2 protein chains.
Amino acid sequence: MNYRFSDASNNTPKSFIREILKLTQSDEIISFAGGLPNKAFFPIAAIEAATVKVLENDGANALQYSTTEGYLPLREFIANRYKSRGVHVDPKNILITTGSQQALDLLGKAFLNKGDYVCLERPSYLGAIQAFQMFQPQFQEVDLTATGIDLPELEQQMAAKQAKFLYAIPNFQNPTGLTYSLESRQNLAEYLKRSGNLMVEDDPYGELRFIGEHLPNVYSFAPENVILLGSFSKVCAPGMRIGWMVANDAVMERLVTAKQASDLHTPILTQRILAQYLADNSLDEHIKTIQAAYFEQRQAMVEALHQYMPEGVTFTEPEGGMFLWVTLPKNCPAMSLFPIAVKHKVAFVPGEPFSTEGKTSYDIRMSFCTVDAATIVEGVKRLAAAIAELTNQNQTDNQTVTI
Amino acid sequence: MNYRFSDASNNTPKSFIREILKLTQSDEIISFAGGLPNKAFFPIAAIEAATVKVLENDGANALQYSTTEGYLPLREFIANRYKSRGVHVDPKNILITTGSQQALDLLGKAFLNKGDYVCLERPSYLGAIQAFQMFQPQFQEVDLTATGIDLPELEQQMAAKQAKFLYAIPNFQNPTGLTYSLESRQNLAEYLKRSGNLMVEDDPYGELRFIGEHLPNVYSFAPENVILLGSFSKVCAPGMRIGWMVANDAVMERLVTAKQASDLHTPILTQRILAQYLADNSLDEHIKTIQAAYFEQRQAMVEALHQYMPEGVTFTEPEGGMFLWVTLPKNCPAMSLFPIAVKHKVAFVPGEPFSTEGKTSYDIRMSFCTVDAATIVEGVKRLAAAIAELTNQNQTDNQTVTI
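Quick notes on the rules
Residues numbered from 1 in each chain as written. Chains lettered and ligands numbered in written order. Predicted model: local features only at pLDDT ≥ 70, side-chain atom pairs only at ≥ 80, totals over all residues. Heavy atoms only, no water. Helix = DSSP H or I, 4+ residues; strand = E, 2+ residues; numbered from the N terminus. Rg over C-alpha atoms; globule rule 2.2 N^0.38 Å. Buried < 20%, exposed > 50% of the residue type's maximum accessible area, 1.4 Å probe, protein only. Contact = heavy atoms within 4.5 Å. Areas by Shrake-Rupley, 256 points an atom, 1.4 Å probe, with all protein chains shown as cover. Lys, Arg positive; Asp, Glu negative; His and termini not counted. Charge placed at Lys NZ, Arg CZ, Asp CG, Glu CD. Least-squares fit on C-alpha atoms with pLDDT ≥ 70 in both. Expected span 1.5 Å × (residues − 1). Pairing = 2+ DSSP bridges. Right-handed = clockwise from strand over helix to strand, strands pointing away. Salt bridge = Lys/Arg side-chain N within 4 Å of Asp/Glu carboxyl O. Domains from an automatic or database assignment. Buried area = accessible area lost by both parts, 1.4 Å probe. Polar contact = N/O pair within 3.5 Å; in protein donor to acceptor, adjacent residues only side chain to side chain. Phe/Tyr/Trp six-rings, centres within 6.5 Å; stacked < 30°, edge-to-face > 60°. Lys NZ or Arg CZ within 6 Å of the ring centre and 35° of its normal. Bend = angle between axes of the 7 residues up to and from the residue.

Chemist: How should the overall build of chain A be read in this particular structure?
Modeler: Helix and strand content of chain A: 13 helices and 14 strands. Its C-alpha radius of gyration of 22 Å places chain A within 12% of the 22 Å reference for a compact globule of 403 residues. Dimensions along the principal axes, computed over C-alpha positions, put chain A at roughly 75 × 60 × 50 Å. Sorting the 403 residues of chain A into buried and exposed places 63% on the buried side. Counting only contacts in chain A whose residues sit at least 6 apart along the sequence, the fraction spanning at least 24 positions is 75%. Surface accessibility of chain A: about 14700 Å² in total, with carbon and sulfur atoms responsible for 50%. Seen as two clouds, the 34 positive and the 44 negative side-chain charges of chain A have centres 4 Å apart.

Below is the structure:
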């Protein structure tokens, strides 16, 4: 049988990171590759109690079809949480999604024609690239600096390419861990308003800050020009697949229609369980536990990198989130390092899938959230050994060539 | 702010049935409009027990990220269920989806370019039309008879339009309640194999047969040429949003990539709860309860229609499923009847959204699954009164015109 697949499907490669994760599932390998939250912090008992309550009090409605927009008390909880940070969001402008990955798919449906441009940070989140790719846009990357996106370059590219939107992660970016300064957020918002352009602000990690003060979302400065995404995956549990989008009325209407075509609605059972959990427990207290643990793990990784990395290696030192970004020496391509690292029983994600430009990457993404501090130190030592092996090998190769 | 939406979004109307359901949510209205399972049959206590077991035994993994393909024991359960009907399906060829609505979205992603043709039954399921519309195909409808799709017409149209696939619901079709005969299934399968064409066989109602014998899926005669969809929404609970697709290796690979871009994976918590429920309870026994109730309700509706409908009204008498299809007299357009019916405090879905041809419909879809037999009889009486009012009104109008 000769299957006639769509162009979108023919042009979408298998997920790079899925293939990598398959290689690194051995218990012997210390993996900094996956973005999995540490499951030691899942509130299992509290979720069990919430489930029993929901099913005993209102089981039939928790198992029936429900509204596409999502469970209203959950949307109200999210609105109140924004309110506590001084941001006004009406619950009617919140759409519950099946994880924030679905939000990216709905944005593709609502905004992207084949060939349209999307601006991304350089580098950008691979899951967003993958979701948007299904709609066959063109991508334009814009430099990401230590304080935010390069605004002059962004202005020039958005105008030249008539890009449909900028997709960016201003808090503890995936993959770099970088965070936009307050000034950078304000300037970006001013630019969006002035030019009438649209930004998708993805914020799954914003609550996971362990150094410095919370900074307002770009959304708070330009609510008409920003669609804001959030998620419970990193602060509660990813296995429930509950995220959300904040958008104004005109955009909401399109997103709701797209969502109905996609899965009718996010499972109401998990929405009800989560809403009950949030009503009966303090999310703030829970987040403090996660922050403390990830901070300790982040410290362990940063210190170990300072101690064990050879000269020529640089890395970011994130104020929150789950990842940091290591830049290798120029004789150390990330994809060449990967198999050697696996041989040394340590894994990471090479930089390639975080870019649409197809260049050789000398960067790697390291997650500090999944394993404990002692394991992190051991893993960084192994990484240093792998880099040393590749560097020596390359030097030998170079000598061979010059002889 | 001037939002630049996609062509797909601009061309997709708001969901017709959502708008209708809003009009019919008053408790005074007897609604035959929605396709909601009767929630009296949701196994609430058993699902609660299953949840407690899952969270106490393996809570951390039930709340962590999981595989895109779905929870293996759930896929094995589905494979075993096919096996008990003599159909061989390997669990690796089953993809768990977020409701079977998502299966339709994934099919669009994997197969449809803008402008491609899709063949549909005339009439067809509105949720499928809506999902496919996001990919901007063209539709070609083919007559549906009392024993199956019109095969000569299908062959001619599939060839002329080079259609990517036929989408059809051979068991207790939504909206008509019609079922393909065994011969019709075999002939369709032979045609698919002979021509190398693809069929999407949607089967959410196949287990809800209360008259006659189970008939094999078209898939069982032509597994290379058929992608088979199933769902737990109608036999367990829709609020968990768990459906599945059966496809061979080459197609699975594309579907998995599309699914990962769409929501990474279906919530593992609900998959685990459902798998535990299915391991600890008899689905067959549960389905018998649903079948008995829906059969009684179907009998009540068929008898009441025979008794109260005026001459010129015809209707299908389904052997299973949730819906029947009423054809009104030619002076009784479904959309004209709708507001009069709502005034008489009864609701249905007019035929228009089940077609892509934009013609005036004289058909209405009636669900017999949501309300009990006595309420059904009262609702049919109200419908008869509404038809009488519209017919009289039209006769008066005609007299006025001829004077």
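Chemist: Is there a simple way to explain the relation of the copies chain A and chain B in this structure?
Modeler: Both copies of the chain are related by one operation, a rotation about an axis with a shift along it. Mapping chain A onto chain B calls for a rotation angle of 180° and an axial translation of 0.0 Å; the resulting RMSD is 0.0 Å. Such values leave the two copies arranged in the relation of a two-fold axis. The overlap is high: 100% of the interface residues of chain A also sit at the interface in chain B, so the same surface is used on both sides.

Chemist: Just to check I follow, could you spell out helix α5 (residues 99-111) of chain A for this structure?
Modeler: Since there are 3.6 residues in each turn of an α-helix, residues three or four apart along the chain are aligned in direction. Look at α5(A): 19 Å from first C-alpha to last across 13 residues, which is about the 18 Å you get at 1.5 Å a residue. Taking burial as the measure, the 13 residues of α5(A) include 13 buried ones, the bulk of the element.

Chemist: Honestly, the pairing of strand β6 (residues 165-168) of chain B in this entry has me stumped. Any pointers?
Modeler: Sheet faces and side chains relate simply in a regular strand, where the side chains alternate between the two faces. All names here are of chain B. Across the two faces of β6 the burial is the same, with F165 and Y167 and L166 and A168 all buried. Where strand β3 (residues 117-122) lies against β6, 3 bridges are found, and the strand directions are parallel. Bridging across to β6, C119 finds its partner in L166. In this structure, β6 lies alongside strand β7 (residues 199-202), joined through 3 bridges in parallel fashion. Paired with A168 across the bridge in β7 is E201. A crossover connection joins β6 to the parallel β7 through helix α8 (residues 182-195); in handedness this β-α-β unit is right-handed.

Chemist: Can you help me understand the pattern of salt bridges in this one?
Modeler: Once the charged atoms of two side chains with opposite charge are near each other, the side chains can pair. Residue and element names in this part refer to chain A. Within the structure shown, the criterion is met by 46 salt bridges over all chains. Put simply, E153 and R122 hold a salt bridge, and the shortest N to O gap is 3.6 Å. On the criterion of sequence distance, the pair formed by E153 in helix α7 (residues 151-161) and R122 in strand β3 (residues 117-122) is long-range, its members being 31 residues apart. For E153, a relative accessible area of 17% corresponds to the buried category. Judged by its relative accessible area of 24%, R122 falls in the partly exposed class. Taking the shortest distance from any N to any O, the salt bridge between E285 and K288 comes out at 3.2 Å. Of this pair, E285 and K288 both sit in helix α11 (residues 283-308), 3 residues apart, roughly one helical turn.

Chemist: When you look at the domain arrangement of chain A in this model, what are you seeing that I'm missing?
Modeler: Many structure descriptions define interface size as the accessible area lost when the parts assemble. Residues and elements named next belong to chain A. Annotation of chain A at the domain level lists domain 1 (11-42 + 285-402) and domain 2 (44-280). With centres defined by C-alpha atoms, the gap from domain 1 to domain 2 works out at 27 Å. With 30 residues of domain 1 in contact, the opposing surface of domain 2 contributes 33 residues. Taking both sides of the interface into account, the surface hidden between domain 1 and domain 2 amounts to around 2900 Å²; carbon and sulfur atoms contribute 64%. By the criterion of area lost to domain 2, the three top residues of domain 1 are F42, E319 and F354, representing 22% of everything that side buries. Counting across the interface, domain 1 meets domain 2 through 2 salt bridges. With a shortest N-O distance of 2.8 Å, R209 and E319 are connected by a salt bridge. Taken together, the links from domain 1 to domain 2 amount to 13 residue pairs in polar contact (both at pLDDT 80 or more). A per-element tally of the side of domain 1 that touches domain 2 places α11 first, with 7 residues.

Chemist: I would appreciate a short explanation of the interface of chain A and chain B in the present structure.
Modeler: Taken together, the contact between chain A and chain B spans 83 residues of the former and 83 residues of the latter. When chain A packs against chain B, close to 7200 Å² is buried across both sides, 58% of that on carbon and sulfur atoms. Interface area lost by chain A to chain B is led by R4(A), L63(A) and Y65(A), which between them contribute 10%. Run the count over chain A and chain B and you get 2 salt bridges. The shortest N-O distance in the salt bridge between K109(B) and D105(A) comes to 2.8 Å. Taken together, the links from chain A to chain B amount to 43 residue pairs in polar contact (both at pLDDT 80 or more).

Chemist: I tried to follow the packing of aromatic side chains on my own but got confused; where do I start?
Modeler: Here the distance between the centres and the angle between the planes together describe a pair of aromatic rings. Inspection of the entire model under this criterion finds 27 aromatic pairs over all chains. When the centroid spacing of 6.5 Å and the interplanar angle of 45° are considered together, the rings of F77(A) and F232(A) count as tilted. Remark: F232(A) occurs in the loop between β8 (226-231) and β9 (242-246) and F77(A) occurs in helix α4 (residues 72-84); sequence separation between them is 155 residues. Judged by relative accessible area, F77(A) falls into the partly exposed class, the value being 23%. Judged by its relative accessible area of 3%, F232(A) is buried. Seen from their ring centres, Y82(B) and W244(B) are 6.4 Å apart, and the 80° between their planes marks the pair as edge-to-face. One end of the pair, Y82(B), is in helix α4 (residues 72-84); the other, W244(B), is in strand β9 (residues 242-246), with 162 residues separating them in the sequence. Residue Y82(B) is classed as buried on the basis of its relative accessible area of 11%. Of the residues examined, W244(B) reaches a relative accessible area of 10% and is grouped as buried. One aromatic cluster in this structure is built from Y3(A), F5(A), F111(B), F132(B), F165(B) and Y167(B). Positioned above the aromatic ring of F5(B) is the side chain of R254(A), whose terminal nitrogen or guanidinium carbon lies 4.1 Å from the ring centre.

Chemist: Just checking my understanding: could you explain helix α3 (residues 44-63) of chain A for this structure?
Modeler: Its 20 residues give α3(A) an end-to-end C-alpha distance of only 21 Å, which falls more than 12% under 28 Å, the value for a rise of 1.5 Å per residue. At N57(A), α3(A) shows its maximal bend, which comes to roughly 90°. Of all the positions in α3(A), only I47(A), E48(A), A50(A), T51(A), V54(A), L55(A), G59(A), A60(A), A62(A) and L63(A) are classed as buried. For α3(A), the elements touching its buried residues are α10 (268-280) of chain A together with α3 (44-63) of chain B.

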